[in-house]
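# Structural overview
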Amino acid sequence: DLVISRAGAMTISELSLLGKAAILVPSPYVAANHQYKNAKALYDAGACELVEESEFDSGKLTAATERLLSDKSEREQMSGKIKSFAKPEANRIIYEEIVKTVQNKSK
């Protein structure tokens, strides 16, 4: 019903494709703070809850978890919004771009 996870690109891809309501906790130890940027884009769209590790002591994670587990409607809305980020054809598109690049270099 609810996923609590880091906010790496593959995780976001999987959550989006499955339409899972999520509380994202970006790792503060990654280059260029990209997990925060990933989570923030979803949060701004209403597609997840965002809790930073620095907020753990404030009880924000517990409060968000309790709120979302008790509100099925909010989880369903979040699920619908995160689905809009899904790219189910991403593997095919990437493959086709690689093939084009290789073909162009061999000419």
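Above this text you will find the structure in question.
These numbers were taken from a predicted model, which means no experiment stands behind them. (Residues numbered from 1 in each chain as written. Predicted model: local features only at pLDDT ≥ 70, side-chain atom pairs only at ≥ 80, totals over all residues. Heavy atoms only, no water.)

### Some thoughts on the overall build of the chain
- In terms of helices and strands, the chain carries 5 helices and 3 strands.
- When its helices and strands are written in sequence order, the chain yields β-α-β-α-β-α-α-α.
- For 107 residues, the compact-globule estimate of 2.2 N^0.38 gives 13 Å, and the C-alpha radius of gyration of the chain, at 17 Å, exceeds that figure by more than 25%.
- Here the C-alpha coordinates of the chain stretch approximately 60 × 30 × 20 Å along the principal axes.
- By the burial criterion, 30% of the 107 residues in the chain qualify as buried.
- The long-range share in the chain, meaning contacts at least 24 apart out of those at least 6 apart in sequence, stands at 55%. (Helix = DSSP H or I, 4+ residues; strand = E, 2+ residues; numbered from the N terminus. Rg over C-alpha atoms; globule rule 2.2 N^0.38 Å. Buried < 20%, exposed > 50% of the residue type's maximum accessible area, 1.4 Å probe, protein only. Contact = heavy atoms within 4.5 Å.)

### A look at a nonpolar patch on the surface
- A cluster of nonpolar side chains, contributed by Ile94, Ile98 and Val102, occupies part of the molecular surface with about 280 Å² of accessible area.
- Note on placement: isoleucine 98 falls in helix 5 (residues 90-105). (Patch = residues over 30% accessible without salt bridge, like charges linked within 9 Å, V, L, I, M, F, W, Y side chains within 5 Å. Areas by Shrake-Rupley, 256 points an atom, 1.4 Å probe, with all protein chains shown as cover. Salt bridge = Lys/Arg side-chain N within 4 Å of Asp/Glu carboxyl O.)

### So, unusual backbone geometry
- Notably, alanine 32 is not glycine yet its phi reads approximately 55 degrees, a positive angle.
- With respect to the helices and strands, the residue alanine 32 is situated in the loop between strand 2 (22-24) and helix 2 (34-44).
- Positive phi is not limited to glycine here, since asparagine 33 has a value of about 55 degrees.
- Mapped onto the elements of the fold, asparagine 33 is located in the loop between strand 2 and helix 2.
- Asparagine 33 sits in the partly exposed class, given a relative accessible area of 34%.

### A look at the side chain of serine 27
- With respect to the helices and strands, serine 27 occurs in the loop between strand 2 and helix 2.
- Accessibility expressed as a relative area gives 10% for serine 27, which makes it buried.
- The residues touching serine 27, leaving out its near neighbours within four places in the chain, are Arg6, Asn33 and Gln35.

### Here we look at the nonpolar core
- Formed by Ala7, Ile12, Leu15, Ala22, Leu24, Ala39, Leu42, Ala47, Cys48, Leu50 and Ile82, the largest nonpolar core amounts to 11 residues.
- The residues touching leucine 24, leaving out its near neighbours within four places in the chain, are Ser5, Arg6, Ala7, Ile12, Leu15, Ala39, Leu42, Cys48, Glu49, Leu50 and Val51.
- Judged by nonpolar contacts, the second largest core, of 8 residues, contains Val51, Ala64, Leu68 and Met78. (Core = buried A, V, L, I, M, F, W, Y, C linked by side-chain atoms within 4.5 Å.)

### Some details on the pattern of salt bridges
- Under the criterion given, the structure shown has 9 salt bridges.
- A salt bridge links glutamate 49 to arginine 67, with the nearest nitrogen and oxygen atoms 2.8 Å apart. With glutamate 49 in strand 3 (residues 49-50) and arginine 67 in helix 3 (residues 60-69), this residue pair connects regions lying 18 residues apart in the sequence.
- Owing to a relative accessible area of 33%, arginine 67 belongs among the partly exposed residues under this scheme.
- With a shortest N-O distance of 3.0 Å, glutamate 96 and arginine 92 are connected by a salt bridge. Highlighted residues: glutamate 96 and arginine 92, both in helix 5, separated by 4 residues, approximately one helical turn.
- You can call glutamate 96 partly exposed: its relative accessible area is 36%.
- Through salt bridges with shared partners, a single network forms among Glu49, Arg67 and Glu74.

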